[in-house]
Amino acid sequence: MRFLPVFLDLQTGPILLVGAGELVRAKLRLLLAAGARIRWYATDGNRDTSGLDAEGVARIVHESGDPLVADLSGVIAVLCAGAGELGHAMAARTKAAGFPVNVMDELAHSTFIFPAIVDRGDVVVAIGTGGSAPVLARRVREKIESVLPARIGDLAGFIGRWRKPISGGLPEMALRRRFWERVVDGPIGALVLAGRGEEAEQAIKDITDPVAFAGVPSSRAPEGHVSLVGAGPGDPDLLTIKALRALQDADVVFYDELVSPEILDRIRRDASRVPVGRRVGKPGIGQDAVNALLVEAAKAGQRAVRLKGGDCFVFGRGGEEISALREAGVAYSVIPGITAGLGAAAQFEVPLTYRHEALRITFLTAHKAGDAAAVDWGTLTDDKMTVVVYMGMTAASAIRAGLLAAGRSPRTPVGVFARVTRPDARAAVGVLEDLPALVARIESGPAILIIGDVVAHSAPWRASQINHLASELLVAAE
Ligand code: SAH
């Protein structure tokens, strides 16, 4: 580590800024947002501050003349951006005077560098790579952004406001630490993070005996909680930020077989993982048993996650689970996921609706031929309706028969999209009369079937047309 991260108090003096162009404006934005006062030498004479926040602009003092002879007294740091040779000379002068200086993108002339920043109010995370790999720093920042709750800065502010009044009643350091751990990990912290600041204020006011509050050995809220989390179709980068957070906070995760190993990798290392799903041909433990496990975990004070492929409320039995949780009086929340149909549409560029061509979408399931018999195909006659079928591989013939009987054209474009968003994703496109053959071409599922004119706009359809054309041309040439 060559650069030590420290936090500069911008209240103690101005920053001297030398430079011009877009680079200097980016730095102005950053510094003003952080509350800095700035003495600015605009080296090209352009002092335009349009687009910057007016309140911040009031903290800029426009300097003129030669920055190399500027009075540096009281200045807390010097910054050069887009100043060319003048920046180098300024850096030499500043170093000689013993002030910290940064020349943007020029490590050799700088005594400090800017990190990538995660800014959540009072909670600030600085990420550095010694100036060598800013792109990498940005990637790390994205990862940190995704796991930090949005309101963590509010929580820091809340604790900051209450620290003094509470400390008076807690003489010992260890007690104080336990008190704040209980606030951060318990219901009060959860209220602040959920944006319910007033209730949190009330809850902390209601603590009549802070020593007793701090004295409870467990820092964890006694009440458990179940999160129903949609894991999306497979690509872990398609998890929502909330889903990722739930996985990182979990004590126990009950997951379905459809959830990909890459997603299971995102679960907190110490959490227990319990497979509860069924696979084609293999029974799972049954829905009642799953419900019972969720209730039992929450009642034992655990943070349980019920993790499912796609979305919990699309052929995911999430409805039954929340009924059981409601009945048992267990706290729960639902975090949506990207359902496989939408994953397929995005990956293979199937616009599920299309002006004038596709005005409605139906999601249906036809697991076995028997299920297909239960579908009222008569409701699917509309040519302007895109039909998305889940669990439709084995019933492909029955689906074709049903749609043809409903009057859909045998030439209706269809696509079979397997293992979507995973590394081994595959697509087969064609027309309705060939649906069983297309399904047969896909070796293994899970797969989504999409039926409707919109499939003709998809990427694999366009590719197949080009191939078709190419082979026709080839034949013609021969
Ligand atoms: N709740 C899930 C659906 C569960 S039903 C969701 O919202 O996606 C299981 C069916 O989902 C499978 O038979 C298949 O039709 C579809 N499916 C799930 N993951 C898939 C994937 N990665 N690629 C294609 N289809 C998938």
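These figures come from a predicted structure and were not determined experimentally. (Residues numbered from 1 in each chain as written. Predicted model: local features only at pLDDT ≥ 70, side-chain atom pairs only at ≥ 80, totals over all residues. Heavy atoms only, no water.)

Colleague: Hey, could you run me through the nonpolar core in this one?
Modeller: The nonpolar side chains of a soluble globular protein tend to be buried with one another. If you look at the biggest cluster of nonpolar residues, it comprises 25 residues, and the most contacted ones within it are Leu-380, Val-389, Ile-399, Val-416 and Leu-435. For this core, the secondary structure elements donating two or more residues are strand S14 (385-390), helix H16 (396-405), strand S15 (413-418), helix H17 (435-441) and strand S17 (447-451). The contacts of Leu-380, once residues within four sequence positions are left out, are Thr-362, Leu-364, Val-375, Met-385, Val-387, Leu-403 and Arg-408. (Core = buried A, V, L, I, M, F, W, Y, C linked by side-chain atoms within 4.5 Å. Buried < 20%, exposed > 50% of the residue type's maximum accessible area, 1.4 Å probe, protein only. Helix = DSSP H or I, 4+ residues; strand = E, 2+ residues; numbered from the N terminus. Contact = heavy atoms within 4.5 Å.)

Colleague: Sorry, what's going on with the packing of helix H4 (residues 134-147) against helix H10 (residues 241-249) here?
Modeller: Working note: a packed helix pair is described by the angle between its axes plus the distance between those axes. Two numbers describe how H4 lies on H10: the axes approach to 8 Å, and their chain directions differ by 75°. In this view, H4 runs roughly perpendicular relative to H10, as classed from their interaxial angle. When H4 is examined against H10, the residues Glu-145, Ser-146 and Val-147 are found in contact with a partner set consisting of Ile-241, Leu-244, Arg-245 and Gln-248. Looking at side-chain class alone, the contact of H4 with H10 contains three nonpolar, two polar and two charged residues. (Axes fitted to C-alpha atoms, helices over the stretch in contact; angles between N-to-C directions. Parallel < 35°, antiparallel > 145°, perpendicular 65-115°, else oblique. Nonpolar A, V, L, I, M, F, W, Y, C, P; charged D, E, K, R; others polar.)

Colleague: Mind showing me how you'd approach the site of the ligand here?
Modeller: Lining the immediate surroundings of the ligand are 18 residues, of which Asp-311, Val-314, Thr-339, Ala-340 and Ala-447 lie closest. Residue Gly-309 places a main-chain N or O atom 3.1 Å away from a nitrogen atom belonging to the ligand. Computed on the free molecule, the ligand has an accessible area of 540 Å², of which 92% lies beneath the protein chains in the complex. Split by residue class, the shell around the ligand holds twelve nonpolar, three polar and three charged. Counting residues domain by domain, the shell around the ligand receives three or more from each of domain 3 (225-338) and domain 4 (341-464). (Near = heavy atom within 4 Å. Polar contact = N/O pair within 3.5 Å; in protein donor to acceptor, adjacent residues only side chain to side chain. Areas by Shrake-Rupley, 256 points an atom, 1.4 Å probe, with all protein chains shown as cover. Domains from an automatic or database assignment.)

Colleague: Quick question: what am I supposed to make of the environment of Ile-451 here?
Modeller: Here Ile-451 is to be found in strand S17. A sequence separation of 16 residues divides Ile-451 from Leu-435, and the C-alpha atoms of the two residues are 9.5 Å apart.

Colleague: Looking at this model, I keep getting lost on the packing of aromatic side chains. Mind explaining?
Modeller: The description of an aromatic ring pair rests on the distance of the ring centres and on the angle between the ring planes. Under the counting rule described, the total for this entry stands at six aromatic pairs. Residues Phe-179 and Trp-180 carry aromatic rings whose centres are separated by 4.9 Å and whose planes lie at 80° to one another, so their mutual orientation is edge-to-face. The residues Phe-179 and Trp-180 share a single accessibility class, namely buried. Here the aromatic cluster, defined as three or more aromatic residues joined through ring pairs, consists of Phe-179, Trp-180 and Phe-213. Taking NZ or CZ as reference, Arg-182 lies 4.5 Å from the ring centre of Phe-213, over its face. (Phe/Tyr/Trp six-rings, centres within 6.5 Å; stacked < 30°, edge-to-face > 60°. Lys NZ or Arg CZ within 6 Å of the ring centre and 35° of its normal.)

Colleague: How should I be thinking about the pattern of salt bridges in this particular structure?
Modeller: Pairs may arise between side chains of opposite charge once their charged atoms sit close together. Scanning all chains against the criterion turns up 19 salt bridges. A salt bridge links Asp-270 to Arg-268, with the shortest nitrogen-to-oxygen separation between them at 4.0 Å. Ionic contacts of the salt-bridge type, sharing partners, join the residues Asp-251, Arg-268, Asp-270 and Arg-303 into one network. (Salt bridge = Lys/Arg side-chain N within 4 Å of Asp/Glu carboxyl O.)

The values reported here are purely geometric and, on their own, carry no functional implication.
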